[in-house]
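# Observations on chain architecture
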Amino acid sequence: MSKERLYLFDTTLRDGAQTNGVDFTLADKVAIARMLDDIGIDYVEGGYPGANPTDTELFAQDRGLKTTTFTAFGMTRRPGRSASNDPGLAALLEAKADAICFVAKSWDYHVKVALETTGEENLASIRDSVRAAKAKGREVLLDCEHFFDGYKANPDYALACAKAAYEEGARWVVLCDTNGGTLPHEVEEIVGTVCKAIPGDHVAIHAHNDTEQAVANSFAAVRAGARQIQGTLNGLGERCGNANLVSIIPTLKLKKEYADRFDIGVSNAQLQKLAHVSHALDERLNRAPNRHAPYVGESAFATKAGIHASAIAKDPATYEHVAPEAVGNRRRVLVSEQAGKSNLLSEMKRAGIAFDAKDPRIDSLLAEVKRREAEGFAYDAAPASFELLARRMLGTVPEFFGVDSFRVSVERRHNALGEEVSMAEAVVKLLIDGERIMSVGEGNGPVNALDNALRKDLGKFQQAIEDLELVDYKVRILNGGTGATTRVLIESRDGKGERWFTIGVSPNIVDASFEALIDSVTWKLLREGARP
Ligand SMILES: [Zn+2]
């Protein structure tokens, strides 16, 4: 039996951007869109061109995406205007996008009260907007806002909105549970009725998580016939969030009921990147990943030592509903020394480090990793620092340079124009081949100044780090109070497009930053095959 195609639509960059405390930059948006493209998501909704400078710019440039349908979001034409005389609609039609997703009211009460127009004019606005976007050669989606509440109040009108879009040629009619209060059995029943009027392969579900059932509601819609699921990475979204694609995707791929019936754009190899994508988004948002997240959380396949652990060692299927490797996660058996060691060895293999499992230095490395993780290091997030630590303990990292000392000063003063400016200056003294090299760097802050000083003159290694660039710098305070520990995570890249993460931990933020900077430079020298 041939499988049916089920489509995935990600709205992390539009609906997810509504999350309290989330503020994506243009670079964030491009990077996240590429990650989504890279794991085979069919549609990526980028934002609302014309609504703010970031989204306008995003839709003016080439994002370098491979297969995903990049989608712009916006309103249907305003009531009482013609489609050709609506600047908002014009901006949307001009945006560099493969598809346009219009949002329209589908609850008659909202049409009257919020739009202050008639039901007939709202339907005309839907038809005109879909037609105008189709004429521009765009694929069209229509978000039926408040569809489920609207359907309960006036089923004929809600359905008329959906049909108006479908009959005008919209590829998808999106049924939105905007308030997020609809229950799975209601979704299944209503979507089932809609699919009698509109073919299910043109019907999408957009669920919010206000009763913690957005994922269940999405599957209920699929069972009733819908063939597109909308959601966000890690369930980002305003209030309680949107349907979490990171939970939905593995269920579609790994659970027989769905895997036997449907094909999705995500391959098995792409599925293995899912845990990484989920964590990468959290890092970008400077949030601690949810340890208990289904499939991808650190605890999702963790078992405490004891009878469970020994049973797992004999046959993992005894206590695991799917294989952790399938989603790029791994099994963790807590407490047990032996299991800690097997985790460590698999990490070393992943980093490409040659070793002999019987080498007694591996036990010292394990103890050191544990000690440091208790201190606040998170090697999961900084594989380059882990690799350096392991190689150092195995004696395979040459001493490229020594740090004799460093000093940073920060000054706030008034410049010649009388404006208040803050400046930092750093002095770094390095020892290379017994020779002392001193560099001075300036920056807008202490870390920037240190980075500039450190990389200004690395003597004979200077050429090897010429293309090293700092991409991102994140600080997390691990425990409150004045004695707090600071964790600094640095992302670097080079001219070959290689990216690596390093980490530093200290009660002093400058020390933590310096540690991460030194690791970044050392890792690069190691990769370049530099010789002391
Ligand atoms: Zn929404």
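Report follows, based on the coordinates.

Here is what the cut-offs are and how they apply
Residues numbered from 1 in each chain as written. Predicted model: local features only at pLDDT ≥ 70, side-chain atom pairs only at ≥ 80, totals over all residues. Heavy atoms only, no water. Buried < 20%, exposed > 50% of the residue type's maximum accessible area, 1.4 Å probe, protein only. Helix = DSSP H or I, 4+ residues; strand = E, 2+ residues; numbered from the N terminus. Pairing = 2+ DSSP bridges. Salt bridge = Lys/Arg side-chain N within 4 Å of Asp/Glu carboxyl O. Axes fitted to C-alpha atoms, helices over the stretch in contact; angles between N-to-C directions. Contact = heavy atoms within 4.5 Å. Parallel < 35°, antiparallel > 145°, perpendicular 65-115°, else oblique. Left-handed = near helix turned anticlockwise from the far one by under 90°. Phe/Tyr/Trp six-rings, centres within 6.5 Å; stacked < 30°, edge-to-face > 60°. Lys NZ or Arg CZ within 6 Å of the ring centre and 35° of its normal. Expected span 1.5 Å × (residues − 1). Polar contact = N/O pair within 3.5 Å; in protein donor to acceptor, adjacent residues only side chain to side chain. Core = buried A, V, L, I, M, F, W, Y, C linked by side-chain atoms within 4.5 Å.

Side chains Gln 228 and Gln 230 of strand S9 (residues 228-231) all project onto a buried face; the interleaved residues Ile 229 and Gly 231 project onto the opposite face, where all are buried too. Here strand S2 (residues 7-10) runs beside S9; their pairing, made up of four bridges, is parallel. Residue pairing in the sheet places Asp 10 in a bridge with Gly 231 of S9. Pairing analysis gives three bridges linking strand S8 (residues 203-207) to S9, with the strands arranged parallel.

What follows covers the pattern of salt bridges. Two side chains of opposite charge can pair, provided their charged atoms sit close to one another. A complete count under the given rule lists 45 salt bridges for this structure. A salt bridge links Glu 121 to Arg 77; the nearest nitrogen and oxygen atoms lie 2.8 Å apart. With a gap of 44 residues between them, Glu 121 in helix H5 (residues 119-135) and Arg 77 in the loop between strand S4 (69-75) and helix H3 (87-94) connect regions that are remote in the sequence. The partner of Arg 131 in a salt bridge is Glu 168, and the shortest N-O contact between them spans 3.1 Å. Of this pair, Arg 131 sits in helix H5 while Glu 168 sits in the loop between helix H7 (155-167) and strand S7 (172-177), placing them 37 residues apart in sequence.

Read from one edge to the other, the open sheet built from three strands follows the order S16-S17-S18, with strand pairing classed as antiparallel. The outermost strands of the open sheet, each flanked by one partner alone, are strand S16 (469-477) and strand S18 (499-506). Neighbouring strand axes in the sheet, compared pairwise and without regard to direction, differ in orientation by 20 degrees on average. Where strand S17 (residues 486-493) lies against S18, eight bridges are found, and the strand directions are antiparallel. By the bridge assignment, Glu 491 is partnered in S18 with Phe 501. Running over the sheet, helix H19 (residues 509-527) touches S16, S17 and S18 and is turned about 150 degrees from S18.

What follows covers the packing of helix H9 (residues 214-224) against helix H10 (residues 245-254). For the pair H9 and H10, interaxial distance at closest approach is 10 Å and the crossing angle is 40 degrees. Classified by the angle between their axes, H9 and H10 sit oblique to one another. Here H9 runs over H10; the crossing is right-handed. Side by side, H9 and H10 meet where Val 215, Ser 218 and Phe 219 of the first sit next to Ser 247, Ile 248, Thr 251 and Leu 252 of the second.

Here we take up the packing of aromatic side chains. Across all of its chains, the model carries 13 aromatic pairs by this definition. Here the aromatic rings of Phe 147 and Tyr 151 are separated by 5.9 Å at their centres, their planes lie at 35 degrees, and the arrangement is tilted. With Phe 147 and Tyr 151 both in helix H6 (residues 147-153), this residue pair falls four residues apart, about one helical turn. Accessibility classification places Phe 147 together with Tyr 151 in one group, the buried group. When the centroid spacing of 4.2 Å and the interplanar angle of 35 degrees are considered together, the rings of Phe 406 and Phe 514 count as tilted. Residue Phe 406 is found in strand S13 (residues 402-414), and its partner Phe 514 is found in helix H19; the two are separated by 108 residues along the sequence. Here the aromatic residues Phe 147, Phe 148 and Tyr 151 are joined through ring pairs into a cluster of three or more. Over the ring of Tyr 7 we find Arg 5; its NZ or CZ atom is 4.5 Å from the centre of that ring. Cation over ring: Arg 171 sits above Trp 172, and NZ or CZ is 4.1 Å from the ring centre.

Given a rise of 1.5 Å per residue, 13 residues ought to cover 18 Å, and the 18 Å separating the end C-alpha atoms of H7 matches this to within 8%. Listing the buried residues of H7 in full gives Tyr 157, Ala 158, Leu 159, Cys 161, Ala 162, Ala 164 and Ala 165.

Around the barrel, eight strands lie side by side as S2-S3-S4-S5-S6-S7-S8-S9; this closed barrel has parallel pairing. Along the sheet, successive strands turn relative to each other by an average axial angle of 25 degrees, direction set aside. Its contacts with the sheet place H5 against strand S5 (99-105) and strand S6 (139-145), and it is angled at close to 175 degrees to S5.

Of note, the phi angle at Asn 286 is positive, near 55 degrees, even though the residue is not glycine. Within the secondary structure, Asn 286 sits in the loop between helix H13 (274-284) and strand S11 (302-304). The class of Asn 286 is partly exposed, set by a relative accessible area of 34%.

A few words now on the side chain of His 208. With respect to the helices and strands, His 208 occurs in the loop between S8 and H9. Engagement of the side chain of His 208 in a polar contact is seen with the side chain of His 206, the distance being 3.3 Å. With near-sequence residues (within four places) excluded, His 208 lies in contact with Asp 15, Asp 177, Thr 178, Gly 180, Ala 214, Arg 239, Gly 241 and Asn 242.

For Leu 26, the location among the structural elements is in helix H1 (residues 26-38). Along the primary structure Leu 26 and Thr 54 are separated by 28 residues, whereas in three dimensions their C-alpha atoms are 5.6 Å apart. Setting aside residues no more than four positions away along its own chain, Leu 26 makes contact with Thr 54, Glu 57, Leu 58 and Gln 61.

Turning to the nonpolar core, a few remarks are in order. Leu 8, Phe 147, Val 191, Ile 229, Ile 249 and Leu 252 are the most contacted members of the largest nonpolar core, which totals 90 residues. It is H7 that contributes the most residues to this core, seven residues altogether. Core analysis: the second largest hydrophobic core is formed by 34 residues, Ile 437, Ala 512, Trp 523 and Ala 530 among them.

These values are about where atoms sit, not about what they do.
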